[in-house]
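# Structure assessment
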Amino acid sequence: MTEVKVLDGGFSTQLATHVGERIDGDPLWTSRFLYTNPDAVYQTHLDFLRAGSNIIETNTYQASMPGFVKYLDKSEEESLQLIKTAVDLAKKAVKTYKEEIKGTEVSNPEPLIAGSVGPYAACLHDCSEYTGGSYGNIESMDSIVEWHKPRIQTLIDSGVDLLAIETIPCAREAEALVEFMAKTYPGTKFWLSFSCKEDGKSIADGSSFKETVLKCWKVTKPGQIIACGVNCLAPRAVTPLLKSISQKEINEFISMIAYPNSGEKYSPATYSWTIDNDFHPPEEFVKDWLDIGVRYIGGCCRTGNKDIERISAEVKCWTKSHIA
């Protein structure tokens, strides 16, 4: 049985406990704090490691060279240095954590660092990573890949263990990035996670989730994509999507990844979250997801270190029952 890895949670949610500031609505989102409060970024990573995360992500989801130039008045060189700083802060947190746990038994003694690569949509700052936007209709994806290149190269050169290509709302963007990774960085492992609708079959731009995953899965050499799946949607909407790419459905085992949001609903107009009557937190679904092939599991927006502790506990319980 492939070992299950617990991811971290929503970086902005946990970061807010350290900075006491409103983060949602900022065009740089959490990446601004790489410049204004790097210690809070480091402390946030530590929170998730202490909660049981086997993999933490760099604070680079909404980081980009153009974004830092525009909103922080940084040069291109300084912008790339901030992305490198994100990796350094994650490494520092891992080093601190490993010193803390010496002589103890924990479920995550050798944490990994994934370089977060959010979609082009994130830099548009219009929530199009959840709607699919219109940029997927452009004739060529070359310009989108060119936009991604500096961050991807800097993350890899700075020594991340793998990449998290995540919250991708556009099938063509996913396909272009997978082809780029296969050709340019065939030795770098990554996972591919989509922003999806709650209809159980579509990614945000309306493309078939199943068909897009299968197409991307076949582009790289075996093992380069460590998992495919979904993130940042309500937990109750995850299972139908993942079942469509389960071994039972396609007669092939694709390692899956799931890190949904808390289950609350987000309002882009007010940058706020509300709980509705159909609220179910992620930990309620962990067993079902593991049963159908999820091997990487964590949280996204509005999930903090306590949520990761609960998810980790569910993973331990499931693993114990399957080893016994």
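Everything here concerns the structure above.
I will try to describe carefully the structure that is included in this document. (Residues numbered from 1 in each chain as written. Predicted model: local features only at pLDDT ≥ 70, side-chain atom pairs only at ≥ 80, totals over all residues. Heavy atoms only, no water.)

## Structural notes on empty space enclosed by the protein
Going through the model one piece at a time under the given rule, you end up with one cavity of 30 Å³ or more. Taken as a whole, the largest cavity encloses approximately 250 Å³ of empty space. For the lining of the largest cavity, the elements supplying multiple residues, two or more each, are α1 (11-19) and β4 (162-168). In terms of residue class, the lining of the largest cavity is made up of eight nonpolar, 11 polar and three charged. (1 Å grid on protein atoms, 1.4 Å probe; cavity = no way out; pocket = protein on both sides within 12 Å on 5 of 7 lines; lining within 4 Å. Points joined across faces, edges and corners; volume = space filled by probe spheres on them. Helix = DSSP H or I, 4+ residues; strand = E, 2+ residues; numbered from the N terminus. Nonpolar A, V, L, I, M, F, W, Y, C, P; charged D, E, K, R; others polar.)

## A look at the sheet that holds strand β2 (residues 55-57)
Read across the sheet, eight strands follow the order β1-β10-β7-β6-β5-β4-β3-β2 without closing on themselves; strand pairing throughout is parallel. Of all the strands in the sheet, the pair left with one neighbour each is β1 (5-6) and β2. Here five bridges tie strand β5 (residues 190-194) to strand β6 (residues 225-231), and the two strands are oriented parallel to one another. When the sheet's bridge partners are listed, F190 is paired in β6 with I225. Contacting β4, β5 and β6, helix α8 (residues 171-184) crosses the sheet at an angle of about 165° to β4. (Pairing = 2+ DSSP bridges. Contact = heavy atoms within 4.5 Å. Axes fitted to C-alpha atoms, helices over the stretch in contact; angles between N-to-C directions.)

## A word on the state of the cysteines
A covalent bond between the sulfur atoms of two cysteines is what we call a disulfide. The tally for this structure, following the rule as stated, stands at zero disulfides. Free of any disulfide, C216 has its nearest neighbouring cysteine sulfur in C228, separated by 6.7 Å. Residue C216 is classed as buried on the basis of its relative accessible area of 0%. With no disulfide partner, C300 has as its closest neighbouring cysteine sulfur the one in C232, 3.7 Å distant. Taking relative accessible area as the criterion, C300 reaches 14% and is therefore assigned buried. (Disulfide = S-S within 2.5 Å. Buried < 20%, exposed > 50% of the residue type's maximum accessible area, 1.4 Å probe, protein only.)

## Notes on α1
Every buried residue of α1 is accounted for by F11, S12, Q14, L15 and V19. When α1 is viewed along its axis, its buried side chains cluster within an angular range of 165° and face the same direction. Buried residues belonging to α1 abut α2 (33-36), α3 (38-51) and α13 (305-323). (Arc of directions from axis to C-beta.)

## With respect to the packing of aromatic side chains
This structure, assessed with the given rule, holds six aromatic pairs. On the numbers, 5.7 Å between centres and 70° between planes, the contact of W29 with Y61 is edge-to-face. Here W29, found in the loop between α1 and α2, pairs with Y61, found in the loop between β2 and α4 (65-72); they are 32 residues apart in sequence, far enough to count as distant. Y61 carries the same exposure label as W29, and that label is buried. (Phe/Tyr/Trp six-rings, centres within 6.5 Å; stacked < 30°, edge-to-face > 60°.)

## Some points on unusual backbone geometry
Positive phi, normally seen in glycine, also occurs at D73, with a value near 60°. Looking at the element boundaries, D73 is found in the loop between α4 and α5 (76-100).

## Brief notes about the pairing of β6
Counted residue by residue, β6 has seven buried out of seven residues, so it is predominantly covered. On the question of chirality, the crossover connecting β5 to the parallel β6 by way of helix α9 (residues 209-217) is right-handed. Looking at chain direction, β6 and strand β7 (residues 256-259) are connected through four bridges and run parallel. Bridge pairing links G229 to I257 in β7. (Right-handed = clockwise from strand over helix to strand, strands pointing away.)

## Considering the pattern of salt bridges
One pass over the full model with this rule turns up 13 salt bridges. Across the pair E175 and K215 runs a salt bridge, and its minimum N-O distance is 3.5 Å. Of this pair, E175 sits in helix α8 while K215 sits in helix α9, and the two are 40 residues apart along the sequence. Among the ionic pairs, K306 bridges to E309, the shortest N-O distance being 3.9 Å. Of this pair, K306 and E309 both sit in helix α13, three residues apart, which is roughly one turn of that helix. The class for K306 is partly exposed, based on a relative accessible area of 48%. Bridged by salt links that share partners, the residues E283, D307 and R310 form one connected network. (Salt bridge = Lys/Arg side-chain N within 4 Å of Asp/Glu carboxyl O.)

## Comments concerning the packing of α5 against helix α7 (residues 142-157)
Relative orientation of the contacting elements α5 and α7 amounts to 40°, with a least axis distance of 9 Å. With respect to their mutual orientation, α5 and α7 come out oblique. The hand of the α5/α7 crossing is right-handed. Contacts between α5 and α7 involve L80, I83, K84 and V87 on the former and, on the latter, P150, R151, T154 and L155. For the contact of α5 with α7, the residue count by class is five nonpolar, one polar and two charged. (Parallel < 35°, antiparallel > 145°, perpendicular 65-115°, else oblique. Left-handed = near helix turned anticlockwise from the far one by under 90°.)

## So, the side chain of D8
Tracing the sequence through the fold places D8 in the loop between β1 and α1. Reaching out from D8, the side chain makes a polar contact with the backbone nitrogen of E57 at a distance of 2.9 Å. (Polar contact = N/O pair within 3.5 Å; in protein donor to acceptor, adjacent residues only side chain to side chain.)

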